[in-house]
Amino acid sequence: MLHRLTLRVLPRLTLMVTEESIRKRKRLVMLVPGLVAFAVYRLAKLVVPLSDPATLLVLSGTVSAVTALWAYRLARRASLTILWREDGGRLLGWLVGWIGFAYGVQLSLMVLALLNILVHYDFLRHPDGPAMMAVIIACTSVARDAFEIGHVRRIQRQGESILTFPDGAALRTLLREQARPLLIRSLLAGVGAAGLAVSLEALGEIGRTGLGQLLVVTLAGGTLALWAYLDGQQRPGGWREVLGAVAPAELFRFWWWPGLAFAATYYLVLAGAAFYLLRLGQAEPVVRGLMAGLVGAIMTAYCYYLGYRRALEDRVHRQVPASLLRCPFVFAILSKAAAIPSERAIPQNQVALGETVRRG
């Protein structure tokens, strides 16, 4: 889900995919696959046993993979032949395989786990409802993200340089350059989160429940995400300069979203995999510790990377004072300016809207 974080945390990308015209098209793009996914589910249920988790996930991933290519093509406004020639097999393979199939499977696992933990609607006991929701929600979410990625790629093909394309290439570069410090941070965060999850044993039964674990791991993951995001910005003055440069309200908003939101999402995906694919009991200490540790490590690595890229974009693009960003008139002008496809004009015409999305 790194692509989703990248599209929503880095201001320049967020501004691209949240323009009013894009939002209107995106609603239609999400509606159509949802209806098609419902029809496919009803037909597939007559042929294959969708009460089996593996079969359901294969169906969801396949439908999502086709949806990803379709939504991406709509956003790119090009035929498949042109897409293959201009984007190449590697990008399209990543889109179909990761954004489509793998992401669709993850979202389906998240839905199944969420229904089980929050409302005790267990897929293994009542497969029809959770299965249908898992397929539809995964399909519509994949359509949304693939459309946004296609829109960013189309702007890039028009000649505008995209500093951080949401395909994870920049993360791999960071891993090569800063492998040791990033590994140490992630390992420490993972061990701390795992220890916290296992220590809830002292609270008795409530500490072993799925809901109790979800709340605690979410709070830990969100806090680690905020720490890693600020640490990744690597400001010369250290923590004092970072905290002085960011308003408390901004810190809270990042802690809430994406911190808490994505920590909960990753935990639910892992819980869904543990419950329905591996058939592991949620009360087992090793399982709880492993899931919490993975959430802590993933959130730390990803948010450190996002902080690093955010600081880089702030250095490349000139910032506008926060007081001006609160003005809707100025925001409208900057939104139009950000759509001008000329990287050479960036120092004068384009702005890294550091706080626009969350304050606009």
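Higher on the page you've got the structure.
Conventions adopted
Residues numbered from 1 in each chain as written. Predicted model: local features only at pLDDT ≥ 70, side-chain atom pairs only at ≥ 80, totals over all residues. Heavy atoms only, no water. Helix = DSSP H or I, 4+ residues; strand = E, 2+ residues; numbered from the N terminus. Buried < 20%, exposed > 50% of the residue type's maximum accessible area, 1.4 Å probe, protein only. Contact = heavy atoms within 4.5 Å. Areas by Shrake-Rupley, 256 points an atom, 1.4 Å probe, with all protein chains shown as cover. Axes fitted to C-alpha atoms, helices over the stretch in contact; angles between N-to-C directions. Parallel < 35°, antiparallel > 145°, perpendicular 65-115°, else oblique. Left-handed = near helix turned anticlockwise from the far one by under 90°. Phe/Tyr/Trp six-rings, centres within 6.5 Å; stacked < 30°, edge-to-face > 60°. Core = buried A, V, L, I, M, F, W, Y, C linked by side-chain atoms within 4.5 Å.

**Topic: the overall build of the chain**
Here is step 1 of the chain: Helix and strand content of the chain: 17 helices and zero strands.
Here is step 2 of the chain: Residue burial in the chain is summarised as follows: out of 360 residues, 52% are buried.
Here is step 3 of the chain: For the chain, contacts bridging at least 24 residues in sequence account for 80% of all contacts bridging at least 6.
Here is step 4 of the chain: When the accessible area of the chain is evaluated, it comes to approximately 16400 Å², of which 67% is carbon and sulfur surface.

**Quick notes on the packing of helix H1 (residues 2-9) against helix H6 (residues 128-157)**
Here is step 1 of the chain: With their axes 11 Å apart at the nearest point, H1 and H6 run at an angle of 60 degrees to one another. With respect to H6, the element H1 is oriented oblique. Once H1 is placed against H6, the crossing between them reads as left-handed. Contacts from His3, Arg4, Leu7 and Arg8 of H1 reach H6 at Arg144, Asp145, Glu148, Ile149 and Val152.

**Quick notes on the packing of aromatic side chains**
Here is step 1 of the chain: Across all of its chains, the model carries six aromatic pairs by this definition.
Here is step 2 of the chain: An angle of 15 degrees between the planes, with centres 4.0 Å apart, marks the rings of tyrosine 229 and phenylalanine 254 as stacked. Placement of tyrosine 229 in helix H10 (residues 210-232) and of phenylalanine 254 in helix H12 (residues 248-277) is noted, with a sequence separation of 25 residues between them. When sorted by exposure, tyrosine 229 lands in the same class as phenylalanine 254, which is buried.
Here is step 3 of the chain: Within the aromatic cluster, the residues linked to one another by ring pairs are Phe123, Phe275 and Tyr276.

**Some points on the nonpolar core**
Here is step 1 of the chain: In terms of nonpolar packing, the biggest core is built from 91 residues, with Val152, Tyr267 and Met299 touching the most fellow members.
Here is step 2 of the chain: Element by element, the count of residues in this core is highest for helix H5 (residues 80-119), at 14 residues.
Here is step 3 of the chain: Setting aside chain neighbours within four positions, we find methionine 299 in contact with Gly221, Ala225, Pro258, Gly259, Phe262, Ala263 and Tyr266.

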